[in-house]
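# Tertiary structure, described
Spelled out, the chains give:
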Amino acid sequence: MLAERAIDHVVLERGEVANSWRRERWDSLRLLTPSAQARLPGYRYEGADPDGYMTMAEVVDFVAGYAAASQAPVRTRTPVTRVSAAAGGGYRVIAGDGEIHCRSVVIASGACNAPHVPALRAAVPSSVACFTPFDYRNPSQLPEGGVLVVGASATGAQLAEEIRRSGRRVTIAVGEHVRLPRTYRGRDVLWWMEASGVWNQRYDEIDDLVRARRLPSPQLVGTPERASLDLNTLGDAGVEIVGRLSTIRDGRALFSGGLRNLFSLADLKMDRLLDTFDEWARASGRDADFAPRERFEPTRVPERSRLEIDLNSGEIRSIVWATGFRPEYGWLDVPVVDHKGQLRHDGGVVEDAPGLYAIGLPVLRRRKSTFILGAEDDARDIVAHLEGYLDSSKER
Ligand SMILES: Cc1cc2nc3c(=O)[nH]c(=O)nc-3n(C[C@H](O)[C@H](O)[C@H](O)COP(=O)(O)OP(=O)(O)OC[C@H]3O[C@@H](n4cnc5c(N)ncnc54)[C@H](O)[C@@H]3O)c2cc1C
């Protein structure tokens, strides 16, 4: 898009094209978005299985194919180690062995650069091995014995299922989560998110934007069977479900109670979203195009959920912290990051830093912003703003 507008630019990448998909994902991961939603500006999935979910190797090929087709001027193996305001305006970028002065910087360094692990990890006894989604590759890495997975969003639910399938005892600690069926009325649930316009909702139309930006990823997995993944399927597979890990005291992991409320809230929100889809189907005159309306079994509350596990007892030999991801801005020497490590921006226009932009962050400009298919619309908006900025700063 920058090239279309004849804006001179360069793309700096510390690793290879599609680095995060090459280096920061576990072996079995497939996209949770269907291949039909693999779309980047002027480029889309053209394979034989648009309803399938790409493996990581396929995603790498897809992104590399886009880089080649768009002839983006990418400099790989060029880590940006510092961005600071330049004396006469614009920015000074230290990258690789060199230095660049530019009028504008678009921060596209990703929303998930580092796993977020709560501070209570420090209280885990040394006999228990800890893993994050960045160092977990497959179950064979884990020591023999029971596994506690902390977090039940997309990552935690997927890893709990995979580790359980490898024959281990698995306990999953569940906090706030987003439940979704894989398919609804015969179509992928994420197809509904797009078609019904939910994903297109703009950031400035969302009542509680701070909350929307913090929402955990949905409990979804991409499998050839298009299977749903939720606490019921995990329970059926023999995974023990406990509440949110609230603290670790003297080696004892303590879990919150109140699973009933937590589960009914997730079920309620799922039903409301499905109502939105139904309403859209009706209003757009397409009701008859889809299978009949569905509602799903409520999340089953375990008869007795444990409130405590002694981590010194040998029952749990490893913990997988599936507690979310964070961006990493250690290289950004401009005071635009808040005390929680989040960039201060208005729809990707970084506050108090003219010419500085961001893309790829949760609900940056739309609900779909953090997904691959969200890049195109956001990039168009950001590039339009950036062009206006360059024009106006030239005039001054
Ligand atoms: C486990 C997991 C599963 C996901 N599954 C899906 C999915 O199924 N569908 C979907 O649409 N989205 C999914 N996402 C979200 C996905 O990350 C985004 O859709 C997509 O990767 C965002 O692209 P991006 O370019 O903004 O960020 P990234 O892919 O993170 O790319 C950022 C790039 O910046 C580089 N970089 C970072 N810092 C520097 C620096 N200082 N100097 C130079 N280069 C730097 C990194 O090496 C990286 O290549 C998933 C995310 C995770 C973590």
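Each remark here, short or long, concerns the structure printed above.
Cut-offs used in this document
- Residues numbered from 1 in each chain as written.
- Predicted model: local features only at pLDDT ≥ 70, side-chain atom pairs only at ≥ 80, totals over all residues.
- Heavy atoms only, no water.
- Helix = DSSP H or I, 4+ residues; strand = E, 2+ residues; numbered from the N terminus.
- Near = heavy atom within 4 Å.
- Polar contact = N/O pair within 3.5 Å; in protein donor to acceptor, adjacent residues only side chain to side chain.
- Areas by Shrake-Rupley, 256 points an atom, 1.4 Å probe, with all protein chains shown as cover.
- Nonpolar A, V, L, I, M, F, W, Y, C, P; charged D, E, K, R; others polar.
- Expected span 1.5 Å × (residues − 1).
- Buried < 20%, exposed > 50% of the residue type's maximum accessible area, 1.4 Å probe, protein only.
- Arc of directions from axis to C-beta.
- Contact = heavy atoms within 4.5 Å.
- Core = buried A, V, L, I, M, F, W, Y, C linked by side-chain atoms within 4.5 Å.

## Digging into unusual backbone geometry
For alanine 6, which is not glycine, the phi dihedral falls at a positive 55 degrees. Positive phi, normally seen in glycine, also occurs at alanine 18, with a value near 70 degrees. By the secondary structure assignment, alanine 18 is in the loop between β1 (11-12) and α1 (19-23).

## Let's talk about the site of the ligand
Glu13, Ser20, Leu32, Thr33 and Ile372 are the nearest of the 24 residues found near the ligand. A distance of 3.5 Å is found between an oxygen atom of the ligand and a side-chain nitrogen or oxygen belonging to arginine 25. For the ligand, the accessible surface in isolation is 980 Å², of which the surrounding protein chains cover 85%. In terms of residue count, the dominant contributor to the shell around the ligand is α1 (3 residues). Among the residues making up the shell around the ligand, the classes are represented as 13 nonpolar, 8 polar and 3 charged.

## A few points about helix α2 (residues 56-69)
Between its terminal C-alpha atoms α2 stretches 20 Å, which fits the 20 Å expected from 14 residues at 1.5 Å a residue. Within the sequence span of α2, burial applies to Met56, Val59, Val60, Phe62, Val63 and Ala67. Burial along α2 is one-sided: seen end-on, the buried residues are contained in an arc of 160 degrees. Residues of α2 that are exposed and point more than 90 degrees away from the buried face comprise Ala57, Asp61, Ala68 and Ala69. On its buried face, α2 sits against α1, β2 (39-40) and β3 (43-44).

## So, the nonpolar core
Of all hydrophobic cores here, the largest spans 35 residues; its most connected members are Val149, Ile163, Ile172 and Leu234. Of all elements in the fold, only α2, β11 (146-150), α3 (154-165), β12 (170-173), α6 (231-236) and α7 (259-283) reach the threshold of two or more residues within this core. Top element by residues in this core is α2. It accounts for 5 residues. With residues up to four places along the chain from it excluded, the contact list for valine 149 reads Gly156, Ala160, Ile163, Val170, Thr171, Ile172, Ala173, Val320 and Ala322. Within the second largest apolar cluster, 21 residues are counted, among which are Val83, Tyr91, Ala95 and Ala353.

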